[in-house]
Amino acid sequence: MPPEPRDIIRLSSPHMSGHEMKYVIDAMERNQVFPLGQNVADFEEAICTYTGATACSCLSSGTAAIHLALIILGVKPGDEVLCSTFTFAASANPIVYLHAIPVFIDSEPSTWNMDPKLLRQAIEERIRKTGKKPKLILLVHLYGMPADMEGIIAVSKEFDIPILEDAAEALGSTYDGKHCGTYGEMGVYSFNGNKIITTSGGGALVSANESLCSQATFLATQARDEAPHYQHSKIGYNYRMSNICAGIGLGQMEILEERVAKRRENNSFYRDAFQNVEGLTFLTEPSRRYYPNYWLTTILINPVETGITHEELYHQLKQQHIEARPLWKPMHLQPIFALYPSYANGVSESLFNKGLCLPSGSLMTDSQREYVAETILNTITKGNCRQ
Ligand SMILES: *Cc1c(COP(=O)(O)O)cnc(C)c1O
């Protein structure tokens, strides 16, 4: 049965467990309505327990987490940061906040994430051209698909350049059984409203090195030295997570594993529904080492075989109250980043030119999922008849 006419099927909606209020009310009753409190401490501990990270600092957003990580890992004005080009702008913006230089690296076809071979070439060429080694690798696990960690780590070790993982979309994804976000020097998670779990807005930095996370907490609370008279020897930020938001996060942690399972099940559903359709293909984990959370299910549309372009399909779905979204427009093709160096191989551009994200939220009902699949199949059939 199709859903109510104006009931839009969203790309990725917040989905409460029902236990969030308990933690929020508890904070209210104890008058812990500030950025430091028991919920923040407990949320940090829960993130460490879940991911296997040693330390965690909860912050106001994933973007703030990337900003602080870049500072802590020593990125200075003029330094080059090797950044995945196929990502959301929030990965790259903080590099520019620091007057450092993003150097964009294109994707490999198998994971859609940073191509280790291209990364290696880029590093060699940057050293030749600038006489200076890039400072950091900012690696994104896009749509929850783990990057080729073996390949990336090998390059990182060869040139002794640390890795910062943007795992904003990859909480719950693992590679060789180890959580995305815990491979690099530091890792970033986001709890924005559209992510796999949410605090309405928030982020976290994790690390195996406790001192890196305590530096993040220090910088995020205005960099106050240990003195009663508000002494500062560093520039600080107001980036700490509120204790109320952390309460929501604690309620969400209770069901994170279920949310991962549901998103993965959505992905299998779409695969089954389109398995006999020529011209619709999926991003698939290259081997069993990869365990993606499938935060969003993505499809590639071949216009010759399906008779429809990804843009036409997007508009058709919109008319049927289904929210799809084109894939992220690569950073090296963005007007604001066009002048920065980039190492492109055409992979991300070609994905951008034929891909869509489908409604993938854990709140979706079976009948909503079926309605999305049917609408896509009908649209494609119509498209084919038109030829
Ligand atoms: C959402 C997202 C971010 C930013 O997180 P916010 O919490 O929204 O600031 C960064 N990188 C990627 C890849 C994201 O998807």
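1. Observations regarding the sheet that holds strand β15 (residues 355–358)
If you trace the four strands from one edge of the open sheet to the other, you get β10-β12-β15-β13, paired in antiparallel fashion. Two strands close off the open sheet at either side, each with one partner strand: β10 (280–282) and β13 (325–326). With four bridges joining them, strand β12 (residues 297–301) and β15 adopt antiparallel strand pairing. Bridge assignment links Ile299 to a residue of β15, and that residue is Leu356. Sheet strands touched by helix α9 (residues 256–273): β10, β12 and β15. Its angle to β12, the strand with the most contacts, is close to 25°. With respect to the sheet, helix α11 (residues 310–319) is in contact with β12, β13 and β15, its orientation differing from that of β15 by roughly 25°.

2. So, the pairing of strand β8 (residues 186–190)
Burial of β8 is extensive: five of the five residues sit out of reach of the surface. Burial along β8 is two-sided: Met186, Val188 and Ser190 and Gly187 and Tyr189, pointing in opposite directions, are all buried. Note that strand β5 (residues 163–166) and β8 share three bridges and pair parallel. Its bridge partner lying in β8, Leu164 is registered against Met186. One ladder, built from four bridges, connects β8 with strand β9 (residues 203–207); its direction is antiparallel. Each bridged residue has a counterpart across the sheet, and for Tyr189 the counterpart in β9 is Ala204.

3. Thoughts on the site of the ligand
Near the ligand there are 15 residues, and of these Thr63, Asp166, Glu169, Ser190 and Lys195 occur at the shortest range. For the ligand, an oxygen atom lies 2.7 Å from a polar atom in the backbone of Gly62. The separation between a nitrogen atom of the ligand and a polar side-chain atom of Asp166 is 2.7 Å. When the ligand is considered free in solution it has 370 Å² of accessible area, and contact with the protein chains removes 94% of it. Mapped by element, the contributors of at least two residues to the shell around the ligand are α3 (62–72) and α4 (89–97). Tallied by class, the residues present in the shell around the ligand amount to four nonpolar, eight polar and three charged.

4. Digging into the environment of Asn243
Mapped onto the secondary structure, Asn243 falls in helix α8 (residues 243–253). Classification of Asn243 as buried rests on a relative accessible area of 0%. It is 5.5 Å that separates the C-alpha atoms of Asn243 and Asn39, two residues lying 204 residues apart in sequence. Setting aside residues up to four positions removed in sequence, Asn243 forms contacts with Ala27, Gln32, Phe34, Pro35, Leu36, Gly37, Gln38, Asn39 and Val40.

Calculation rules
Residues numbered from 1 in each chain as written. Predicted model: local features only at pLDDT ≥ 70, side-chain atom pairs only at ≥ 80, totals over all residues. Heavy atoms only, no water. Pairing = 2+ DSSP bridges. Helix = DSSP H or I, 4+ residues; strand = E, 2+ residues; numbered from the N terminus. Contact = heavy atoms within 4.5 Å. Axes fitted to C-alpha atoms, helices over the stretch in contact; angles between N-to-C directions. Buried < 20%, exposed > 50% of the residue type's maximum accessible area, 1.4 Å probe, protein only. Near = heavy atom within 4 Å. Polar contact = N/O pair within 3.5 Å; in protein donor to acceptor, adjacent residues only side chain to side chain. Areas by Shrake-Rupley, 256 points an atom, 1.4 Å probe, with all protein chains shown as cover. Nonpolar A, V, L, I, M, F, W, Y, C, P; charged D, E, K, R; others polar.

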